[in-house]
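Spelled out, the chains give:
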Amino acid sequence: MQKTALITGITGQDGSYLAELLLAQGYRVVGMTRRTSTDVHERIQHLVEDIEIVSGDLLDQTSMTKVVQTVRPDEVYNLAAQSFVPTSWDQPVLTGEFTALGATRVLEAVRAVDPAIRFYQASSSEMFGKVTEVPQRETTSFYPRSPYGVAKVYGHWITVNYRESYDMYACSGILFNHESPRRGKEFVTRKITDGVARIKLGLAKELRLGNLDAKRDWGFAGDYVRAMWLMLQQGHPDDYVIATGRTHKVSDFVRIAFEAAGLGSYEPYVVVDPRFVRPAEVDLLIGDPSKAKRELGWEPEVSFEDLVAMMVAADIDRVAAAHR
Ligand code: NAP
Ligand code: GDD
């Protein structure tokens, strides 16, 4: 029997990779999008013939319940969120509505329609924030450092609570930073590779960044969506840290990206701009993915160095094509 998956946030980076993975597994894939005045869904443009799109919004319980009722999925992946950390200081209430209460609305829709539907919540390493343990694992306590991180802690615990209260198959994937050529350009990795491409092609002279000393455990988004799917295929629901187990400074990413483009040292090009420094920083993230390896058989396939090279090459190609 063909399975049906409903993805909220299908137009985002992860939604596009997850849709590709599920289509390859033979799923009927339904993506939920919110109404906009333009129809720009560039990350899923290549999939429009193969997926179904339904309209709904995390802010609206009626639409969420109607979507789940109409689609009747076997699995729901709740990827939709206000996902950019700096915006969460500018729009803390809206971030809470999307990223925290949004998860409750999806869970409520599932519970009302059919509590047997399997549910995935996109939790985040931002929940560890000012870390209390190195490396961070499933049992590490949370200390979020932004309204986004606080909202994700709520989304995490409401998922655990619905699992325990209603015996639902609800899982939370605590995913560390994952990137790709489809990453939004506001996030640091893509901002760097896009900036490197513009400098390489003579379209820009400098790249303005914030804190170069922050450390992140960066992986490839295509590897991480496989972990989401694996979590919903087990005998029982649980929560998993998904990470590479390696950490790098932002300055390491910058250095390797400039080298990959053949530009040499980054120092003449990079300007530290206080506008990009955050009110409270997450200084160090490094995850311990051993539970995911042991129980899901999951391991990342793309290395940090290959990820940087992949993103630089894709941006040089894209920027060059746009200016041809
Ligand atoms: P992303 O590219 O920012 O995509 C976010 C998605 O959420 C977009 O499809 C967006 O739709 C949708 N969305 C936002 N508000 C919505 C609303 N009110 N109703 C319906 N849809 C809404 O994020 P991502 O990188 O793919 O991440 C996917 C999820 O994983 C997010 O929840 C993120 O917080 C979480 N996460 C990401 C990482 C990472 O490193 N990427 C790590 C840990 C956790 P529009 O296209 O209409 O804006
Ligand atoms: N965005 C951005 N822009 N970040 C910068 C810049 C800059 O110019 N300069 C330095 N940084 C630093 C930030 O201060 C942060 O320490 C690090 O680069 C990573 O920033 P982002 O790429 O914006 O990601 P994030 O770690 O805040 O959040 C991402 O990962 C989370 C998982 O840990 C997002 O995808 C979240 O949605 C996700 O939950």
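Residues numbered from 1 in each chain as written. Chains lettered and ligands numbered in written order. Predicted model: local features only at pLDDT ≥ 70, side-chain atom pairs only at ≥ 80, totals over all residues. Heavy atoms only, no water.

1. Comments concerning the packing of helix 6 (residues 188-200) against helix 8 (residues 250-260)
The line we're drawing: Each axis is a line fitted through C-alpha atoms, taken for helices only over the stretch in contact, and angles between the N-to-C directions span 0 to 180 degrees. Helix and strand assignments follow DSSP, with helices taken as H or I runs no shorter than four residues and strands as E runs no shorter than two, numbered in order from the N terminus. Should an angle lie under 35 degrees it is considered roughly parallel, over 145 roughly antiparallel, and from 65 to 115 roughly perpendicular; all remaining angles are considered oblique. With the far helix as reference, a near helix turned anticlockwise by less than a right angle produces a left-handed crossing, and one turned clockwise produces a right-handed crossing. The contact criterion used is simple: two residues touch if any of their non-hydrogen atoms lie within 4.5 Å. In the scheme used here, Gly and all other residues not listed as nonpolar or charged are polar, with Ala, Val, Leu, Ile, Met, Phe, Trp, Tyr, Cys and Pro taken as nonpolar and Asp, Glu, Lys and Arg as charged.
At a closest axis distance of 10 Å, the pairing of helix 6 and helix 8 adopts a crossing angle of 30°. When the axis of helix 6 is compared with that of helix 8, the two are roughly parallel. Crossing handedness for the pair helix 6 and helix 8: right-handed. Here Val 188, Thr 189, Ile 192, Thr 193, Val 196 and Ile 199 of helix 6 come into contact with helix 8, specifically with Val 250, Phe 253, Val 254, Ala 257 and Phe 258. Classifying every residue of the contact of helix 6 with helix 8 by side-chain character gives nine nonpolar, two polar and no charged.

2. Regarding the site of ligand 2
Filter applied, for reference: Being near a molecule or strand, for a residue, means having at least one of its heavy atoms within 4 Å of it. Within 3.5 Å is the distance limit for a polar contact, defined as a pair of N or O atoms, with the added protein rule that one can donate a hydrogen and the other accept it, and that residues adjacent in sequence qualify only through two side-chain atoms. Every accessible area reported is derived by Shrake-Rupley at a probe size of 1.4 Å, with residue values counting cover from the shown protein chains alone. The domain boundaries here were taken from an automatic or database domain assignment.
If you check the shell around ligand 2, you find 23 residues, and the closest are Ser 124, Ser 125, Tyr 148, Arg 278 and Glu 281. At 2.9 Å from a nitrogen atom of ligand 2 is found a main-chain nitrogen or oxygen belonging to Glu 186. Arg 278 places a polar side-chain atom, nitrogen or oxygen, 2.6 Å from an oxygen atom of ligand 2. Contact with the protein chains covers 95% of the free accessible surface of ligand 2, which is 720 Å². Residues belonging to the shell around ligand 2 are distributed by class as follows: 10 nonpolar, six polar and seven charged. When residues of the shell around ligand 2 are assigned to domains, at least three fall in each of domain 1 (4-178 + 220-242) and domain 2 (185-216 + 246-284 + 303-322).

3. Things to note about the pairing of strand 4 (residues 75-78)
What counts here: Only protein chains enter the accessibility calculation, which uses a 1.4 Å probe; a residue whose area is less than 20% of its type maximum is buried, one above 50% is exposed, and one in between is partly exposed. Two strands make a pair as long as DSSP finds a minimum of two bridges between them.
Residues Glu 75 and Tyr 77 line one face of strand 4 and the alternating positions Val 76 and Asn 78 line the opposite face, and both faces are buried. Relative to strand 4, strand 1 (residues 4-8) runs parallel, the two being bridged by four bridges. By the bridge assignment, Thr 8 is partnered in strand 4 with Asn 78.

4. Topic: the environment of Val 68
On the secondary structure map, Val 68 appears in helix 2 (residues 61-71). Its relative accessible area of 0% is what places Val 68 among the buried residues. Here the alpha-carbon distance between Val 68 and Val 106, two residues 38 residues apart in the chain, equals 8.5 Å. Beyond its immediate sequence surroundings of up to four residues, Val 68 is in contact with Leu 6, Pro 73, Ala 109, Val 110, Val 113 and Ile 117.

5. Description of the pattern of salt bridges
Applicable threshold: Think of a salt bridge as a Lys or Arg side-chain nitrogen and an Asp or Glu carboxyl oxygen that are within 4 Å of each other.
Under the definition given, this model contains 25 salt bridges. A salt bridge links Asp 315 to Arg 318; its shortest N-O distance comes to 2.9 Å. Separated by three residues within a single helix, Asp 315 and Arg 318 lie in helix 10 (residues 304-322), roughly one turn from each other. Judged by its relative accessible area of 31%, Arg 318 is partly exposed. Residues participating in the shared-partner salt-bridge network are Arg 190, Asp 194, Arg 198, Asp 315 and Arg 318.

6. Considerations on the sheet that holds strand 3 (residues 52-55)
An order of 3-2-1-4-5-6-11 is seen for the seven strands of this open sheet, with the pairing classed as parallel. Of all the strands in the sheet, just strand 3 and strand 11 (239-242) have a single pairing partner and so form its edges. Adjacent strand axes in the sheet meet at a mean angle of 20° when their direction is disregarded. Relative to strand 6 (residues 170-175), strand 5 (residues 118-124) runs parallel, the two being bridged by six bridges. The partner of Tyr 120 across the bridge, within strand 6, is Cys 171. Contacting strand 1, strand 2 (28-33) and strand 4, helix 1 (residues 13-24) runs over the sheet at an angle of about 175° to strand 1. Against the sheet, helix 2 touches strand 1, strand 2 and strand 3, its axis set at about 160° to strand 1.

7. Brief notes about the domain arrangement of the protein
By a frequent convention, interface size equals the accessible area lost on bringing the separate parts together. Rules: By definition, the buried area sums, over both parts, the 1.4 Å-probe accessible area that each loses when the two are put together.
If you check the domain split of the protein, you get domain 1 (4-178 + 220-242) and domain 2 (185-216 + 246-284 + 303-322). Relative placement of domain 1 and domain 2: their C-alpha centres are 27 Å apart. Contacts between the two partners involve 13 residues from domain 1, matched on the other side by 11 residues from domain 2. Counting the surface domain 1 buries against domain 2, the share from its top three residues, Phe 84, Trp 89 and Arg 145, is 42%. The interface formed by domain 1 and domain 2 contains one salt bridge. Here Glu 126 makes a salt bridge to Arg 216, at a shortest N to O gap of 3.8 Å. Applying the counting criterion to the domain 1 and domain 2 interface returns one residue pair in polar contact (both at pLDDT 80 or more). Per element, the largest residue contribution to the side of domain 1 that touches domain 2 is three residues, and it comes from helix 3 (residues 85-90).

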